[in-house]
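Next come the chains, spelled out residue by residue.
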2 protein chains.
Amino acid sequence: MINIDDLRQKFHDRQYKLTPQRQIILQAFLDNHDKHLCAEDVHNIVRQKYTDIGLATVYRTLEIFSDLDILHKMDFGDGRSRYEINESSNPHQHHHLICLSCGKVKEFEGDLLETLESVISRKSNFKIVDHQVKFYGYCRECQDKC
Amino acid sequence: MINIDDLRQKFHDRQYKLTPQRQIILQAFLDNHDKHLCAEDVHNIVRQKYTDIGLATVYRTLEIFSDLDILHKMDFGDGRSRYEINESSNPHQHHHLICLSCGKVKEFEGDLLETLESVISRKSNFKIVDHQVKFYGYCRECQDKC
DNA sequence: CTTAGTGCAAAACCTTTGCAACTCT
DNA sequence: AGAGTTGCAAAGGTTTTGCACTAAG
């Protein structure tokens, strides 16, 4: 997982400047690596340390981080983009289980799609570089309620 | 795949009214079962037959159809929801290959996730009812261009 | 006739953009 | 000093909502 020094290096390579706003936004993800934060979540977290930060800055920073593969932009169908920090260099590591009742998102570890990807690549001449898998259903707690 | 008579039955059960607008919107999907239409696409198609239909009606109808599992709401990351008609009673039939270069969406037939689903259900106590799988990469045509 | 549905316009959201002031390097 | 960055406010795009009117059952 990325740290501040990696960030400094990556930014230097691309001639981005390392502002306090950007460092604090990264920190927000490091402190919440298990969550799926949206722009507004990030804004609220970051404002506690840096009162005057603007929401536009958050959006601009999230886009840069996504381009640099520091964050992964995702959609869980709630009308806003959510981001999660890339835990490793291999993005194919976990899947999301989305509860249709309470909306919570659980993670499921393990990459069981490698073979499926090679089948698809061969059969349809499509060069796959990433995938996103979402399972919809009911989590343990919501099953108990019924 | 659904037809007008099925629609009549489903609507009757829920006390929805079968208006010409709703029939024409269903017809748009029957005529374009291979496409992934967004609300505006539907509005444009439907307006050719029913000039005065409002975009709000299209949105409201798409939501009803999704609730009734006649349509499937999807997100391909282009900032708007897209819908496709449910070809069968089993929604687990095909996956989407999204080209990162030209944006085209191809379909890949075959349900290779049944076993993965049962593994997940067992290991994480999550009752899966649906899944959505997207593969990102480069289509044949865009690979040739490089 | 009753209830649900429609079209329109306005509102609500999330996200992006223009710009003058500012700040990393 | 200079290029990139910020915050603010305004604009953009999609989707939802309020309301008077209309039409299906």
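As shown above, the structure is provided for reference.
Calculation rules
Residues numbered from 1 in each chain as written. Chains lettered and ligands numbered in written order. Predicted model: local features only at pLDDT ≥ 70, side-chain atom pairs only at ≥ 80, totals over all residues. Heavy atoms only, no water. Near = heavy atom within 4 Å. Polar contact = N/O pair within 3.5 Å; in protein donor to acceptor, adjacent residues only side chain to side chain. Helix = DSSP H or I, 4+ residues; strand = E, 2+ residues; numbered from the N terminus. Least-squares fit on C-alpha atoms with pLDDT ≥ 70 in both. Contact = heavy atoms within 4.5 Å. Pairing = 2+ DSSP bridges. Axes fitted to C-alpha atoms, helices over the stretch in contact; angles between N-to-C directions.

Some words on the protein's contact with DNA strand D
Near DNA strand D, the surroundings consist of 22 residues, among which Lys17, Arg22, Thr57 and Arg60 of chain A together with Tyr59 of chain B are the closest. The sugar-phosphate portion of DNA strand D accounts for 67% of its atoms within 4 Å of the protein, the bases making up the rest. One nitrogen or oxygen atom from the side chain of threonine 19 of chain A is found 2.8 Å from a phosphate oxygen belonging to DNA strand D. A distance of 2.5 Å separates a phosphate oxygen of DNA strand D from a polar side-chain atom of arginine 22 of chain A. Broken down by secondary-structure element, the contributors of at least two residues to the surface near DNA strand D are α2 (20–31) and α4 (55–67) of chain A together with α4 (55–67) of chain B.

Quick word on the relation of the copies chain B and chain A
Mapping chain B onto chain A calls for a screw motion: a turn of 179 degrees about the axis and a shift of 0.0 Å along it, with 0.2 Å RMSD after fitting. In symmetry terms, the pair is related by a two-fold rotation axis. In terms of proximity to the rotation axis, the leading residue of chain B is valine 133 of chain B, whose C-alpha is 2.3 Å off the axis. Most of the interface of chain B is mirrored in chain A, where 100% of its interface residues again form contacts.

With respect to the sheet that holds strand β6 (residues 127–138) of chain A
The mixed open sheet is built from 6 strands, whose spatial order is β5(A)-β4(A)-β6(A)-β6(B)-β4(B)-β5(B). The strands lining the two open edges of the sheet, one partner per strand, are β5 (105–109) of chain A together with β5 (105–109) of chain B. Taken over all neighbouring pairs, the strand axes of this sheet differ in orientation by 25 degrees on average, direction set aside. Both β6 of chain A and strand β6 (residues 127–138) of chain B contribute to a ladder of 11 bridges, which runs antiparallel. Bridge pairing in β6 of chain B places glycine 137 of chain A opposite isoleucine 128 of chain B. The sheet contacts of helix α5 (residues 114–124) of chain A involve β6 of chain A together with β4 (94–99), β5 and β6 of chain B, and relative to β5 of chain B the element is tilted by about 110 degrees.

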